[in-house]
Amino acid sequence: MSPEPADPARVDPAGSTGLRPASRAIRAGRGSSGTSLATALWASSTWQSADLDDANARATAMRGAEFYSRYGNPTVRAFEEAIADLEGADDALAFASGMGAVASTVFALCSTGDHIVAQRQLYAGTIAFLQGPCRRLGIDVTLVDASEPGAFAAAVIPGRTMMVLAETPSNPRLELADLDELGSIGGPFTVVDSTFATPIGQRPLDHGVDLVLHSATKGIGGHNDATLGVIAGERELIDAVWAYSVLHGATPSPFDALNALRGIRTLAVRTTHQARSAQIIAEHLAAHAAVSTVHYPGLADHPQHELARRQMSMFGTVLAFELTGGREAASRFLQRVRLCRIATSLGGPETLVCHPATSTHVSLTPEEQSATGVTEGLIRLSVGLEDPSDLTDDLTSALSP
Ligand SMILES: *Cc1c(COP(=O)(O)O)cnc(C)c1O
């Protein structure tokens, strides 16, 4: 049995307003809604000017929210303000998806001839982006094992490495990257995909990392009804990415921003419940004969459990486990679950299971799959909001001989 996760206030001691994360999630991002308690939906793609000078001011304003929607939108701005508040950042910038955030950020900051150091175990879309478009455009990529201490810094080529990209906990095997170590790397921009932790579970910027990135499609939105990405960090850096992003065009939908901001209101209570259930399920599966390994940072025997305790205030809502029977057992398990649903994605109210080797990570070569730990018997499970006892019952019956 592992100890209770630490108090979230440890990761966010006081914050700009002195409130704890759950309270800030309620207060944040209200700047564009007047006295309405519900977020106002600004569907407009363009705004009217009074005269030439006013039109000129709108056209040249840095991140103006009332000019043209690709440059900014008040509903999207409200979502960005809330994320900046929760991450302890100067500012944030939203995108049409998590991959929109990855692609726009990389192309905003890296050019032909530059070098990127990235974690080997990453979201499959991010790997495909680094191996495909980046390499095609002459941006070199070195992949490193995040669990090896010092691996990121050792791969940095002074003067050439423009970005260090990590994902913690990582998809799909919940490997952690040491945030203090990443924050201490000088020179390249350090970017952490913190999707699996959510802004409630850890705060990479507090460790000195330059940019935190989320697929808000996942836990932040939290209801499987928004496709959205976001980055947060120092204003100057966010402004630089914004200046490129208006040309890249991965522009977020105001409706998705509204749904994600509604998700933020309940983010703390949802992630707390889901992380508690994930711990129960991880311990339950670890004791099951059909399961050889459970990957969950909250388990005391997870190889990086101590690191998880240092940098996370809760251990997340996703776990993965390996079935001793390989692909056949995985197929049988997916056929037999009743409460858990077969779908990719995570962080929503419904518990989802998937078989990464044939779904989320199917685009990887067999070598890449084995290097990222995607085995034939691996199942990823995103814990939802159901009663955890019903979930363990469902898993037990699906795994029974
Ligand atoms: C889903 C995901 C992404 C991509 O986000 P989309 O919103 O699907 O584009 C990036 N990183 C991680 C860790 C993810 O889980």
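Look up a bit, the structure's there.
Residues numbered from 1 in each chain as written. Predicted model: local features only at pLDDT ≥ 70, side-chain atom pairs only at ≥ 80, totals over all residues. Heavy atoms only, no water.

1. A look at the sheet that holds strand 1 (residues 91-95)
Moving on, step 1. Here seven strands make up an open sheet; going across it, the order is 1-7-6-5-4-2-3 and the pairing mixed. In this open sheet, the two strands that pair with only one neighbour each are strand 1 and strand 3 (140-144). If you compare each strand with its neighbour and ignore which way they point, the axes differ by 20° on average.
Moving on, step 2. Of the pairings in the sheet, the one linking strand 5 (residues 189-193) to strand 6 (residues 211-215) comprises three bridges and is parallel in character. Bridging across to strand 6, Val192 finds its partner in Val212.
Moving on, step 3. Contacting strand 2 (115-119), strand 3 and strand 4 (161-167), helix 6 (residues 124-136) crosses the sheet at an angle of about 150° to strand 3.
Moving on, step 4. Those strands touched by helix 10 (residues 235-248) are strand 1, strand 5, strand 6 and strand 7 (229-233), and its axis lies near 25° from that of strand 1. (Pairing = 2+ DSSP bridges. Helix = DSSP H or I, 4+ residues; strand = E, 2+ residues; numbered from the N terminus. Axes fitted to C-alpha atoms, helices over the stretch in contact; angles between N-to-C directions. Contact = heavy atoms within 4.5 Å.)

2. Side note on the site of the ligand
Moving on, step 1. Neighbouring the ligand are Ser97, Gly98, Met99, Tyr123, Glu167, Asp193, Thr195, Phe196, Ser215, Thr217 and Lys218.
Moving on, step 2. Met99 places a polar main-chain atom, nitrogen or oxygen, 2.8 Å from an oxygen atom of the ligand.
Moving on, step 3. About the coverage of the ligand: the protein hides 93% of its 380 Å² of free accessible area.
Moving on, step 4. Classifying every residue of the shell around the ligand gives three nonpolar, five polar and three charged. (Near = heavy atom within 4 Å. Polar contact = N/O pair within 3.5 Å; in protein donor to acceptor, adjacent residues only side chain to side chain. Areas by Shrake-Rupley, 256 points an atom, 1.4 Å probe, with all protein chains shown as cover. Nonpolar A, V, L, I, M, F, W, Y, C, P; charged D, E, K, R; others polar.)

3. Description of the nonpolar core
Moving on, step 1. By size, the foremost hydrophobic cluster in this structure holds 58 residues, and its most contacted members are Phe79, Ile264, Leu285, Tyr296, Leu319, Phe321 and Phe333.
Moving on, step 2. When residues of this core are sorted by domain, at least three fall in each of domain 1 (13-265) and domain 2 (268-399).
Moving on, step 3. In this structure, Leu93, Phe95, Ala118 and Leu211 belong to the second largest nonpolar core, which totals 29 residues. (Core = buried A, V, L, I, M, F, W, Y, C linked by side-chain atoms within 4.5 Å. Buried < 20%, exposed > 50% of the residue type's maximum accessible area, 1.4 Å probe, protein only. Domains from an automatic or database assignment.)

4. Concerning the sheet that holds strand 10 (residues 341-342)
Moving on, step 1. In space, the five strands of this open sheet follow the order 8-9-12-11-10, with mixed pairing throughout. Two strands lie at the open edges of the sheet, namely strand 8 (291-295) and strand 10, each paired on one side alone.
Moving on, step 2. As defined by bridge partners, strand 8 adjoins strand 9 (residues 318-323) across four bridges and the pair is classed as antiparallel. When the bridges of strand 9 are listed, His295 appears paired with Ala320.
Moving on, step 3. Here helix 12 (residues 267-286) sits on the sheet and contacts strand 8 and strand 9; the angle it forms with strand 9, its principal contact strand, is near 10°.

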